[in-house]
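Close look at the chain arrangement
The chain contents come next:
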Amino acid sequence: MTKILGYGEDAFTYWALKQHTSKILNEFQDKTALLDCLIFYRPSFGRHSKESKAVFGEFDAIIVSLENIYLIESKWDNLSEFNKDELIIREEQKLRHQIFSWYLTHWNKKYSNDWKRFVKEQQPDFQKKFKGKTIAPVGKLLVKNLEFILTKSLERCEKISSDNIKNILLFFYNAEKSKKPTKIKDFTLIPIDYSKEIQGNFVDLYP
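Here the structure is a predicted model, which means the values were calculated and not measured.

1. Looking at the overall build of the chain
- When helices and strands are tallied, the chain shows five helices and eight strands.
- N-terminal to C-terminal, the α/β element order of the chain is β-α-α-β-β-β-α-α-α-β-β-β-β.
- Taking 17 Å as the expected radius of gyration for a compact globule of 207 residues, we find that the chain reaches 18 Å, a close match to that expectation.
- Each principal axis of the C-alpha atoms in the chain carries an extent, and together these give about 55 × 35 × 35 Å.
- Across the chain, contacts joining residues at least 24 apart in sequence account for 66% of those joining residues at least 6 apart.
- Accessible surface, the chain: about 11500 Å² in total, of which carbon and sulfur atoms supply 48%.
- Of note, the chain has its 34 positive side-chain charges centred 5 Å away from the centre of its 28 negative side-chain charges.

In structure tokens:
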């Protein structure tokens, strides 16, 4: 049987989605069965660019359950000794969560296959909230990614509001030589110990 070993933050994220999604659900008493969850791994909404006011980067993952939407950023101890109590979320990461949360709460079925209408009706509110940013313009790849994920999210989690959009920071650490942080602002911190899972410095991604 094929064995796939992965290294680094992205590999730990993928491993956690396969092995520890239930830990994220349990944090919020989410009763959704794992088979009923929809997971997007590293969904991209365009790399930051001075030329485009619509892009806002990529999440490490998005989990859509029947009850909640989990927007996920990941960090790791980088195989070194970690001793900080508090993790800091960068401003561009906070903005990414704010923008996509806005999309989630303003999107509904009437806009399916009609992004032009969405822009026309929602652009004023978007620009009022996010100075210097714009909704993705019609015809761009960003629109296809957004519309696909927004539509699939609404199909899975029928009622989406600011109350059931959860901002998550997964922190991967080796309990044998570093400690898990205890504080973070605006996000829910979920520490995951990988010390018993690594082979050398690699984690098993398959099966």
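2. Some words on the pairing of strand β8 (residues 202-206)
- Note: strand β1 (residues 4-6) against β8, three bridges, orientation antiparallel. What sits directly across from G6, in β8, is V203.
- As paired strands, strand β7 (residues 198-199) and β8 are joined by two bridges and run antiparallel to one another. If you follow Q199 over to β8, its bridge partner there is F202.
- In this antiparallel pair of consecutive strands, β7 and β8, the connection spans two residues, and G200 shows a positive phi of 70°.

3. Digging into helix α5 (residues 141-156)
- The end-to-end C-alpha separation of α5 is 23 Å, in line with the 22 Å expected for 16 residues at 1.5 Å each.
- What α5 keeps buried is the set L142, V143, L146, E147, I149, L150, S153 and L154.
- Contact partners of the buried residues in α5: β2 (38-41), β3 (61-64), β4 (69-76), α3 (91-106) and α4 (115-129).

4. A few points about α3
- The terminal C-alpha atoms of α3, which comprises 16 residues, lie 23 Å apart, in line with the 22 Å expected from a rise of 1.5 Å per residue.
- Listed in full, the buried residues belonging to α3 are Q93, R96, H97, I99, F100, S101, W102, Y103 and L104.
- Buried-residue contacts for α3 involve β3, β4, α4, α5 and β5 (165-173).

5. Remarks on the pattern of salt bridges
- For the structure on display, the rule yields twelve salt bridges.
- The salt bridge involving E73 is made with R96; its shortest N-O contact spans 3.1 Å. Of the two residues, E73 is situated in strand β4 and R96 in helix α3; the sequence distance between them amounts to 23 residues.
- Judged by its relative accessible area of 2%, E73 falls in the buried class.
- Judged by relative accessible area, R96 falls into the buried class, the value being 6%.
- Ionic contacts of the salt-bridge type, sharing partners, join the residues D10, R42, E58 and D60 into one network.

6. Here we look at the sheet that holds β2
- Taking strand neighbours across the sheet as the criterion, the five strands line up as β2-β3-β4-β5-β6 in an open arrangement whose pairing is mixed. Each edge of the open sheet is held by one strand with a lone partner, namely β2 and β6 (188-193). With direction set aside, neighbouring strand axes in the sheet form an average angle of 25°.
- Sheet topology note: the β2/β3 ladder contains four bridges and is antiparallel. Looking at the pairing, F40 lines up with I62 of β3.
- Docked against the sheet, α5 engages β2, β3 and β4, running at close to 160° with respect to β2.

Calculation criteria
Residues numbered from 1 in each chain as written. Predicted model: local features only at pLDDT ≥ 70, side-chain atom pairs only at ≥ 80, totals over all residues. Heavy atoms only, no water. Helix = DSSP H or I, 4+ residues; strand = E, 2+ residues; numbered from the N terminus. Rg over C-alpha atoms; globule rule 2.2 N^0.38 Å. Contact = heavy atoms within 4.5 Å. Areas by Shrake-Rupley, 256 points an atom, 1.4 Å probe, with all protein chains shown as cover. Lys, Arg positive; Asp, Glu negative; His and termini not counted. Charge placed at Lys NZ, Arg CZ, Asp CG, Glu CD. Pairing = 2+ DSSP bridges. Expected span 1.5 Å × (residues − 1). Buried < 20%, exposed > 50% of the residue type's maximum accessible area, 1.4 Å probe, protein only. Salt bridge = Lys/Arg side-chain N within 4 Å of Asp/Glu carboxyl O. Axes fitted to C-alpha atoms, helices over the stretch in contact; angles between N-to-C directions.

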